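These are the residues of each chain, in order.
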Amino acid sequence: MHPRHIATYDAVTQAVKEMRRKGSSIRLMYGLTFEDLNGFLPQAYFVLSDDEVSQWMKALNEYAIFRGEVNDFPYRKYYPTNLKVKQIESGSAGPTVCYMHASLIENELW
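Everything numeric here is computed off the predicted structure, so don't read it as measured data.

## Considerations on the packing of aromatic side chains
Pairs of aromatic rings are described using the distance from one ring centre to the other and the angle between the two planes.
Argument step 1. Summed over the entire model, instances satisfying the criterion amount to 6 aromatic pairs.
Argument step 2. Taking 4.9 Å as the distance between ring centres and 85° as the angle between the ring planes, the aromatic pair formed by Tyr78 and Tyr79 counts as edge-to-face.
Argument step 3. Residue classification places Tyr78 among the buried positions, given a relative accessible area of 18%.
Argument step 4. For Tyr79, a relative accessible area of 8% puts it in the buried group.
Argument step 5. Members of the aromatic cluster, each reached through a chain of ring pairs, are Trp56, Phe73, Tyr75, Tyr78 and Tyr79.

## As for the side chain of Lys86
Argument step 1. Relative to the elements of secondary structure, Lys86 occurs in helix α3 (residues 75-90).
Argument step 2. Within the local environment of Lys86, its side chain forms a polar contact with the side chain of Glu89, the two groups lying 3.1 Å apart.
Argument step 3. Setting aside its immediate chain neighbours within four residues, Lys86 contacts Leu32, Pro42, Tyr45, Thr96 and Cys98.

## Structural notes on the nonpolar core
Argument step 1. Formed by 18 residues in total, the largest nonpolar core has its most connected members in Met57, Phe66, Tyr79 and Leu83.
Argument step 2. Within the residue set of this core, elements represented by two or more residues are α2 (50-60), α3 and β3 (96-101).
Argument step 3. If one sorts the elements of this core by residue count, α3 sits on top with 4 residues.
Argument step 4. Those residues in contact with Leu83, other than ones at most four positions away along the chain, are Leu48, Val53, Trp56, Met57, Pro95, Thr96 and Val97.

## Focus on the side chain of Asn82
Argument step 1. You can see Asn82 is positioned in helix α3.
Argument step 2. Since its relative accessible area comes to 15%, Asn82 is described here as buried.
Argument step 3. Leave out the neighbours within four places in its chain, and Asn82 touches Leu32 and Thr96.

Definitions and limits used
Residues numbered from 1 in each chain as written. Predicted model: local features only at pLDDT ≥ 70, side-chain atom pairs only at ≥ 80, totals over all residues. Heavy atoms only, no water. Phe/Tyr/Trp six-rings, centres within 6.5 Å; stacked < 30°, edge-to-face > 60°. Buried < 20%, exposed > 50% of the residue type's maximum accessible area, 1.4 Å probe, protein only. Helix = DSSP H or I, 4+ residues; strand = E, 2+ residues; numbered from the N terminus. Polar contact = N/O pair within 3.5 Å; in protein donor to acceptor, adjacent residues only side chain to side chain. Contact = heavy atoms within 4.5 Å. Core = buried A, V, L, I, M, F, W, Y, C linked by side-chain atoms within 4.5 Å.

Below, the structure written as structure tokens:
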């Protein structure tokens, strides 16, 4: 996991654990990001509508890193291409995202 994500990861994990103690059935899954590929195991796939893809790309464009202002990694090409790769990988019928089971707090896949 990328060092800058550790604090967020810890806070989210602790919040989910606390909600569970209070009776919530909330589930935690980790989304695929380029920075966290090491150790990521795709376990749940979801097909996105064209509107959802458009909304996601619009949101990503709000980040300086996505616009190429932080480094030269081609995020604008990576994420749309990854939607196609995950579609092929999962055998789904449209642009697909994947998530990983939060094994530190989830007792079973769902």
